[in-house]
Amino acid sequence: MTHVLHVLSDRARGAKVPLEDALWLAALGGADVIQVREKKAPALAVFEFACALLARIREAGSNARVLVNDRLDVAMAAGADGVHLAAKSLPVAVAREVVKRAGGGLVVGCSVHSLEEAKAAEAAGADYVTFGHIFPTASHPGLPPKGVRELARVVEALSIPVVAIGGIDAGNVGEVLATGASGVAVIGAVVEAADPRAAAARLKEAMARSPVAPKVPFPTLEGGMRRARV
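Residues numbered from 1 in each chain as written. Predicted model: local features only at pLDDT ≥ 70, side-chain atom pairs only at ≥ 80, totals over all residues. Heavy atoms only, no water.

Participant: For this particular structure, what's the right way to read the overall build of the protein?
Facilitator: What the protein contains, in helices and strands, is nine helices and eight strands. A globule of 230 residues ought to have a C-alpha radius of gyration of about 17 Å, and the protein, at 16 Å, matches this closely. With the principal axes as the frame, the protein shows a C-alpha extent of 40 × 40 × 35 Å. Within the protein, the fraction of its 230 residues that count as buried is 53%. (Helix = DSSP H or I, 4+ residues; strand = E, 2+ residues; numbered from the N terminus. Rg over C-alpha atoms; globule rule 2.2 N^0.38 Å. Buried < 20%, exposed > 50% of the residue type's maximum accessible area, 1.4 Å probe, protein only.)

Participant: What exactly am I supposed to notice about the pattern of salt bridges here?
Facilitator: Should the charged atoms of two oppositely charged side chains come close, the side chains can pair. Counted according to the given criterion, the structure contains nine salt bridges. Between Glu150 and Arg153 there is a salt bridge, with its nearest N and O atoms 3.0 Å apart. Here Arg153 and Glu150 lie together in helix α6 (residues 147-157), a separation of three residues that amounts to about one turn. Given a relative accessible area of 45%, Arg153 falls into the partly exposed group. (Salt bridge = Lys/Arg side-chain N within 4 Å of Asp/Glu carboxyl O.)

Participant: Please explain the UniProt feature "domain: Thiamine phosphate synthase/TenI" (unreviewed entry) in the protein as it appears in this structure.
Facilitator: The UniProt record marks residues 19-190 with the feature "domain: Thiamine phosphate synthase/TenI" (unreviewed entry), using the residue numbering of this structure. Segment residues 19-190 splits into 42% helix and 19% strand. End C-alpha atoms: 11 Å apart. (UniProt positions renumbered as here; feature names shortened; annotations may be inferred.)

Participant: Hey, could you run me through the nonpolar core in this one?
Facilitator: Within the largest apolar cluster, 73 residues are counted, with the highest numbers of intra-cluster contacts made by Val7 and Ile34. Here this core takes six residues from helix α2 (residues 43-59), the largest share from any one element. Beyond its immediate sequence surroundings of up to four residues, Ile34 is in contact with Val7, Leu23, Ala26, Ala27, Leu53, Ile57, Ala64, Arg65, Val66 and Leu67. (Core = buried A, V, L, I, M, F, W, Y, C linked by side-chain atoms within 4.5 Å. Contact = heavy atoms within 4.5 Å.)

Participant: Teacher, can you tell me more about the sheet that holds strand β2 (residues 33-36) here?
Facilitator: Taking strand neighbours around the barrel as the criterion, the eight strands line up as β1-β2-β3-β4-β5-β6-β7-β8 in a closed arrangement whose pairing is parallel. When the angles between neighbouring strand axes are averaged without regard to direction, this sheet yields 25°. Across the sheet, helix α4 (residues 92-101) is in contact with β4 (82-85) and β5 (107-112); its angle to β5 comes to roughly 170°. Here helix α9 (residues 196-208) sits on the sheet and contacts β1 (4-8) and β8 (183-186); the angle it forms with β1, its principal contact strand, is near 150°. (Pairing = 2+ DSSP bridges. Axes fitted to C-alpha atoms, helices over the stretch in contact; angles between N-to-C directions.)

Participant: What should I look at first to understand unusual backbone geometry in this one?
Facilitator: Across residues other than glycine, the phi torsion is negative in most instances, and most of the peptide bonds are trans. Following Gly132, the chain continues into His133 via a peptide bond in cis, with omega recorded as 5°. Relative to the helices and strands, His133 is located in the loop between β6 (128-132) and α6. At Asp70, a position not held by glycine, the phi torsion is positive, near 75°. Tracing the chain through its elements places Asp70 in the loop between β3 (65-69) and α3 (72-78). Relative accessible area serves as the criterion here: at 30%, Asp70 is assigned to the partly exposed category.

Participant: Looking at this structure, how should I read α6?
Facilitator: For an α-helix, the turn length of 3.6 residues means that residues three or four places apart are oriented alike. Every buried residue of α6 is listed here: Gly147, Val148, Leu151, Val154 and Val155. Here the buried residues of α6 occupy an arc of 125° about the axis, which is enough to place them on one side. Residues of α6 that are exposed and point over 90 degrees away from its buried face: Arg149 and Glu156. (Arc of directions from axis to C-beta.)

Participant: What is the right way to look at the packing of aromatic side chains in this model?
Facilitator: Here a ring pair, both rings aromatic, is described through the centre-centre distance and the interplanar angle of the planes. For the coordinates displayed, the defined rule picks out one aromatic pair. Relative to Phe218, the ring of Tyr128 lies with its centre 4.8 Å away and its plane at 65°, an arrangement referred to as edge-to-face. Within this pair, whereas Tyr128 is found in strand β6, its partner Phe218 is found in the segment after α9, the two being separated by 90 residues in sequence. Assessed through its relative accessible area of 0%, Tyr128 is described here as buried. Look at Phe218 and you get buried, because its relative accessible area is 0%. One cation-aromatic arrangement involves Arg56 over Trp24; the distance from NZ or CZ to the ring centre is 4.3 Å. (Phe/Tyr/Trp six-rings, centres within 6.5 Å; stacked < 30°, edge-to-face > 60°. Lys NZ or Arg CZ within 6 Å of the ring centre and 35° of its normal.)

Listed below in structure tokens is the structure:
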């Protein structure tokens with residue numbers, strides 16, 4: 001089974017090419033999921049960005065799925081494949097109920113930073129969680145990393161996909177995937193690269209060398225995201 005690569009946007013990081021181009025190139029390079037993560041932008045700006053990116057990815061024939069961070073309303077309006085919730089987003093259970101009332105089909109993911117949070121997210125109906133940060137990262141300066149041992153504990157305890165995030169690159173991704181994680185999520189390793197397409201491809205190649213299969217496959221790789229629970 002294949003591990004999943006998530007690439008997240010972050011305007012605060014030093015992208016060497018325009019952000020929309022970087023995400024599009026990442027999709028062409030093999031990224032499985034692109035997450036539109038625009039924390040400070042108003043809904044209209046996020047909607048327009050997501051729509052433009054979705055159109056480019058689909059026109060290119062890429063199978064990459066697009067998630068919207070935090071804004072379930074924007075994800076649904078833009079026709080994205082899902083939403084990724086953070087600590088200050090709608091509760092997972094509420095988002096799941098909204099998706100159900102709308103006919104289902106959207107993936108609902110959630111960021112967690114402890115085993116307890118991960119278990120709670122699963123119980124509330126999350127389709128997957130991201131756990132981190134695993135290694136030191138510019139996104140969380142000064143905060144101690146969780147490490148691969150804690151990641152392994154979370155993977156073992158959950159029956160939904162666990163995606164690792166934080167300081168991951170082609171040099172350490174093998175250590176991360178050895179835990180049975182379903183995949184990894186990155187920002188700098190791809191978005192900050194001079195050639196995001198090549199960077200994504202290199203990371204996917206490194207992931208493919210892992211001898212350890214994911215404990216639980218991510219939904220985008222097993223029949224499409226539209227099979228997400230309702």
